[in-house]
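Working through the structure, step by step
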Amino acid sequence: MRSDVDPAVAPEAGHGFRAPTFALLLNAPRPPSLWKEVSGSLRGAFLPELGNTTTTLPYSFSKWILSILHGLFPVLDWGTTYSLSSFKSDLMAGLTLASLGIPQSIGYANLAKLEPEYGLYTSLVPPLIYAVMGTSRDIAIGPVAVISLLLSSMAQKTVDPAADPAGYRKLVLTSTFFAGVFQTSFGFFRLGFMVDFLSHATIVGFMGAAAIVIGMQQLKGLLGLKHFTNSTDVVSVIKAVWLALRHHSWLPPNFLIGSSFLIFILTLRFIGTKRKRYFWLAAIGPLLSVILSTLMVYLTRADRHGVRIIQGVKKGLNPSSIEQIELSGGALVGDAAKIGLICAIIALTEAVAVGRSFAAVKGYQLDGNKEMVAMGFMNIAGSCSSCYVATGSFSRTAVNARAGCKTTVSNVVMAIAVLVSLELLTRLLYYTPVAVLASIILSALPGLVDVKEACNIWRVDKMDFLACIGAFLGVLFGSVEIGLLAAVIISFAKITIGALRPSIEMLGRVQGTDVFLSVRQYPSAIKTPNLLIIRIDSPFFCFMNANLIRERIVGWATEKGAGKIKAVVIDMSKVMSIDTSGLAAIKEILKKLPSSNIKVGVVNPGWQVINKMKLAGIVDENAGSWMFLSVSEAVEACDVAMNDVKEGAFSV
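Owing to the predicted nature of the structure, the values given are computational and were not obtained by experimental measurement. Residue positions within a chain follow its written sequence, with the count starting from 1. For this predicted model, a pLDDT threshold of at least 70 governs which residues receive local features, and a threshold of 80 or more governs which side-chain atom pairs are given and counted, while totals over whole chains, interfaces and linings are taken from all residues. To obtain the side-chain values, all non-hydrogen atoms of the structure were used and water was disregarded.

Some thoughts on the overall build of the chain
Quick reminder of the rule: Put simply, DSSP H or I for four residues or longer makes a helix, DSSP E for two residues or longer makes a strand, and each gets a number counted from the N terminus. Categorising residues by exposure relies on relative accessible area from a 1.4 Å probe, with only protein chains included: less than 20% of the type maximum marks a residue as buried, more than 50% marks it as exposed, and the intermediate range marks it as partly exposed. Contacts between residues were defined by any pair of non-hydrogen atoms, one from each residue, lying within 4.5 Å. All accessibility values rest on the Shrake-Rupley procedure with a 1.4 Å probe; residue burial counts only the protein chains present in the view.
Scanning the chain from terminus to terminus reveals 28 helices and ten strands. Expressed as a percentage of its 652 residues, the buried residues of the chain come to 52%. Excluding contacts between residues fewer than 6 apart, the proportion of contacts in the chain whose partners are at least 24 apart in sequence is 80%. For the chain, the accessible area works out to roughly 29700 Å², and carbon and sulfur atoms hold 64% of it.

Some points on the pairing of strand S5 (residues 531-537)
Threshold: At least two bridges found by DSSP between two strands are what make those strands a pair.
Burial runs high along S5: six of the seven residues are buried. For strand S3 (residues 503-509) and S5, the ladder comprises four bridges, and the chain directions are antiparallel. Bridging across to S5, Ile504 finds its partner in Ile536. Bridging between S5 and strand S7 (residues 567-571) involves five bridges; their strand directions are parallel. Bridging across to S7, Ile533 finds its partner in Val569.

Examining the side chain of Thr407
When you line up the elements, Thr407 lands in the loop between helix H18 (394-402) and helix H19 (409-425). Ignoring anything within four residues of it in the chain, the contact list for Thr407 reads Trp78, Tyr82, Asp90 and Arg137.

Observations regarding the packing of aromatic side chains
Quick note on the threshold: Centres within 6.5 Å are what make two rings of Phe, Tyr or Trp a pair, Trp counting through its six-membered ring; a difference in plane orientation under 30 degrees is then read as stacked, over 60 as edge-to-face, and the rest as tilted. Criterion for a charge above a ring: Lys NZ or Arg CZ within 6 Å of the ring centre, and within 35 degrees of the ring normal.
Across all of its chains, the model carries ten aromatic pairs by this definition. Between Trp250 and Phe255 the ring centres are 6.3 Å apart and the planes differ by 85°, which places this aromatic pair in the edge-to-face class. Taking the relative accessible area as the measure of exposure, Phe255 reaches 37% and is therefore partly exposed. With centroids separated by 6.4 Å and ring planes inclined at 75°, the aromatic side chains of Tyr278 and Trp280 adopt a geometry described as edge-to-face. Taken together, the aromatic side chains of Tyr298, Tyr430 and Tyr431 make up a single cluster linked through ring pairs. For the cation-ring pair, Arg137 lies above Tyr364, with the distance from its terminal atom to the ring centre recorded as 4.2 Å. Stacked on the ring of Trp458, the Lys or Arg Lys462 has its end atom at 4.7 Å from the ring centre.

Section: the layout of surface pockets
Where empty space is left can be seen by rolling a probe of water-molecule size over the atoms. So the rule is basically this: Both site types are read off a 1 Å grid over the protein atoms alone. A 1.4 Å probe that fits but cannot get out defines a cavity, while an open set with protein on both sides within 12 Å along at least five of seven lines defines a pocket; lining residues have an atom within 4 Å of a point. Grid points are joined across faces, edges and corners, and a volume is the space filled by probe spheres set on the points. The nonpolar class holds Ala, Val, Leu, Ile, Met, Phe, Trp, Tyr, Cys and Pro. Asp, Glu, Lys and Arg form the charged class, and all remaining residues, Gly among them, are polar.
The calculated volume of the largest pocket comes to roughly 1300 Å³. Along the wall of the largest pocket there are 45 residues; nearest its centre are Val354, Phe394, Ser395, Gly447 and Leu448. If you list the elements that add at least two residues to the lining of the largest pocket, you get helix H6 (84-111), helix H9 (145-155), helix H11 (200-217), helix H14 (252-274), helix H15 (279-300), helix H16 (331-362), helix H17 (368-383) and H18. Counting residues per element, the lining of the largest pocket draws most heavily on H16, at eight residues. Of the residues that constitute the lining of the largest pocket, the class distribution is 25 nonpolar, 13 polar and seven charged. For the second largest pocket, the calculated volume is near 940 Å³. Considering the residues around the second largest pocket, the lining is formed by 34 residues, among which Asn110, Lys113, Leu114, Lys220 and Arg308 are closest to the centre. When residues of the lining of the second largest pocket are traced back to their parent elements, those giving at least two are H6, H9, helix H10 (165-188), helix H12 (219-223) and helix H20 (434-443). At four residues, the largest contribution of residues to the lining of the second largest pocket is made by H6.

Here we look at the sheet that holds S3
Pairing is mixed in the open sheet, where six strands are placed in the order S4-S3-S5-S7-S9-S10. Sheet topology places strand S4 (516-518) and strand S10 (627-628) at the edges, where each strand pairs with a single neighbour.

What about H18?
Within an α-helix, residues lying three or four positions from one another point in the same direction, as the helix has 3.6 residues per turn. Those residues of H18 lying buried are Arg396, Thr397, Ala398, Val399, Asn400 and Ala401. Packed against the buried residues of H18 are H6, strand S1 (140-142), H15, H16, strand S2 (391-393) and H19. After H18 finishes, the residue Gly404 shows a positive phi value of roughly 90°.

With respect to the environment of Val609
Assignment of secondary structure puts Val609 in helix H26 (residues 607-615). Val609 gets classed as buried once you look at its relative accessible area, which sits at 0%. Remark: the alpha-carbon pair of Val609 and Met576, spanning 33 residues in sequence, is separated by 6.3 Å. Those residues in contact with Val609, other than ones at most four positions away along the chain, are Met572, Val575, Met576, Ser577 and Ile578.

Structural notes on the pairing of S3
Pairing analysis gives three bridges linking S3 to S4, with the strands arranged antiparallel. Bridged to Arg509 within S4 is Phe516. Following S3, the chain reverses through six residues before pairing antiparallel with S4; Gly512 in that reversal takes a positive phi of roughly 85°.

Notes on the side chain of Ser123
Within the secondary structure, Ser123 is located in the loop between helix H7 (116-122) and helix H8 (125-133). A residue is classified by how much of its surface remains accessible, and Ser123, at 2% relative accessible area, is buried. Here Ser123 is in contact with Ser105, Gly142, Pro143, Met414, Ala415 and Val418, once residues within four sequence places are set aside.

Side note on a nonpolar patch on the surface
Definition in use: Put simply, a patch holds well-exposed residues, over 30% relative accessible area, that have no salt bridge, with like charges counted together within 9 Å and Val, Leu, Ile, Met, Phe, Trp or Tyr side chains within 5 Å. The salt bridge criterion pairs a side-chain nitrogen of Lys or Arg with a carboxyl oxygen of Asp or Glu, the two atoms within 4 Å.
On the surface, a nonpolar cluster with roughly 630 Å² of combined accessible area is contributed by Leu317, Ile416, Leu419, Val420, Leu424, Leu425 and Leu428. Mapping Leu428 onto the fold places it in the loop between H19 and H20.

What about empty space enclosed by the protein?
Taken as a whole, this structure holds one cavity of 30 Å³ or more when the rule is applied. When its volume is computed, the largest cavity comes out at roughly 50 Å³. Around the largest cavity, the lining residues are Ile536, Phe541, Ile553, Ile570, Met572, Ile586, Ile589, Leu590, Val600 and Val602. At the level of secondary structure, the elements contributing two or more residues to the lining of the largest cavity comprise helix H25 (580-595) and strand S9 (599-603). Sorting elements by how many residues they give to the lining of the largest cavity places H25 first, with three residues. Of the residues assigned to the lining of the largest cavity, the class counts are ten nonpolar, no polar and no charged.

Observations concerning the nonpolar core
Our working definition: For our purposes a nonpolar core is just a set of buried Ala, Val, Leu, Ile, Met, Phe, Trp, Tyr and Cys residues, chained together by side-chain atoms within 4.5 Å.
Judged by nonpolar contacts, the single largest core of 112 residues is most densely connected at Ile147, Leu150, Leu151, Phe206, Ile346 and Met375. The greatest single-element share of this core, amounting to 13 residues, is contributed by H16. Ignoring anything within four residues of it in the chain, the contact list for Ile147 reads Cys343, Ile346, Ala347, Val389 and Thr391. Counting residues in each nonpolar core, the second largest holds 36 residues, with Leu25, Leu532, Ile570 and Val609 among its members.

Structural notes on the packing of H14 against H20
Axis angle and axis distance: for two packed helices, these are the angle between their axes and the distance between the axes, and together they describe the pair. Condition: Helix axes are fitted to C-alpha atoms over the stretch in contact, other axes to C-alpha atoms as well, and angles between N-to-C directions run from 0 to 180 degrees. Working rule for handedness: look at the near helix, and if it is turned counterclockwise from the far one by less than a right angle, call the crossing left-handed; if clockwise, right-handed.
Where H14 meets H20, the axes come as close as 8 Å, and the angle between the chain directions of the two elements is 35°. The way H14 lies across H20 gives a crossing that is right-handed. Of H20, the residues touching H14 (which contributes Asn254, Ile257, Gly258, Phe261, Leu262, Ile265, Leu266 and Arg269) are Ala435, Val436, Ser439, Ile440, Leu442 and Ser443. Tallied by class, the residues present in the contact of H14 with H20 amount to nine nonpolar, four polar and one charged.

A few points about the pattern of salt bridges
Enumeration according to the criterion identifies twelve salt bridges in this entry. Its salt-bridge partner being Arg301, residue Asp303 comes within 3.5 Å of it at the nearest N-O pair. For Arg301, a relative accessible area of 26% puts it in the partly exposed group. Between Glu505 and Arg520 there is a salt bridge; the shortest N-O distance is 2.5 Å. In this pair, Glu505 is assigned in strand S3 and Arg520 in the loop between S4 and S5, connecting sequence segments 15 residues apart. Take Glu505: its relative accessible area is 7%, and that puts it in the buried class. A cluster of three or more residues bridged by salt bridges with shared partners is formed by Asp461, Asp464 and Lys494.

Okay, structure coming up:
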């Protein structure tokens, strides 16, 4: 035994073992408790100066308040350097954004089965709140197609919007309030992983199916139908359209107007895409369509010949809706909470994805937790001012970025334009054809169907594609809830299968180095004679996989080794979490292999793992002669021990 090993620290430690590294491994501090991690997250989310728990500098009350304000309101940071040139850019971007957002908002309110003014309300209050609390410079806030579909498809199962419009509005506003509460909680408690339950593949499938369902729902307006199915599945919609065509209940003038302006909008978008300097054509296409179609119907009185019109938008600013938020219990509150949770997650997923994509292009950092809090506050405020769930829109954000926006002031400009419209222009929308609103929504859908990305998912990961297609088919042929549930179940099944069948690799040394790699992945890696080096490639060593890992290690060492294996090194550096089943498996390995005259070494378990091994008495029972910081150190000790004639030189 080496003279520099302190017997008090590592009694009977094997030859070649380094006492200092042993002390590092076993004398590490205890990992932080759950409460300490949560409180540290809360401090770090909005008080970066206090996020480091080791900070001992005095922190005055005024500075603490100032730090909170800067954390909650990023406008206090960038607002001090805001310039006139930035305002000019934001002004033009905001006006361009309004030309697209106003007609879209009216159309999305129709999709949500609400009165047209509710779409405009949602484009007024939430953008103002986000402008002072959000961290994205480009994102455009307002109602979006997917959330409008989510709300209508789920809320109408509880309250029929045609039979009880007041009760339906109450349910939607209460759901919006809950969505805001959930989003704020996700941000404050750093629960962003809740959003990650919906993987990228799930979102691709969900968005694609939602776009198709939304498009088919617009056939009601495009064909001028008075009665249409409330179901969102494709079979019910096709059946309703077929019956309408068969019984001649559709009105051709509506289809003519709607399809003509759909072609008009898509043509302007094509020109704006091909010629970058004409990008504004794509933005004003919907507004021009509303103006021209409204004027046409008014001059020809086409509404008397079967053209369906929206018949006005209520004038005035957002009325208070606090009294309509139902929190006193009952079935409605439970349904509202469920709808709010689903909408909160989908809205955050879309907004954060949009914000991060544009932040990456422009080279600035997006704070995900602050985004969640900003989205939550704006939806809580929106629910109190007659708004339904708002989030970031990809199509409007793209227009905002192309128009040269510099900050969130462009959202303020858009909100002011909406305010002016609500006060002065609502009477002019009386003759706006419903078919044109349908064409505006239809024109925004192609970007939601990403066939190229779905093909890429299939090529890269078949299980991810299964989640993608599960969400797609579930939404298309079932409902939104069924599609999301199917995708989440498939995703969890993928995780569970990975945990049940973890990869356990045999390692070999790269010649001339102390690097040990998988012999399957790197055939040139050389196995060490009489020594089995194993790496557990799973972050979890738990009840789901403990027996498999134990049987695999013991089997390789005893059965396949046929007496040739003299020592086993288990690399646990990738194992971050362990439960009592995993601890029991380790105990059995440490007893069974030595009984077959096979020495055992364990390499660098994770922080939580080594702490639980101490608490379970495994480390104390077996001293320190089998614990190592690196594979090369363990192999060195094993080589010395196997060549040592002394009994117990490296034993458990």
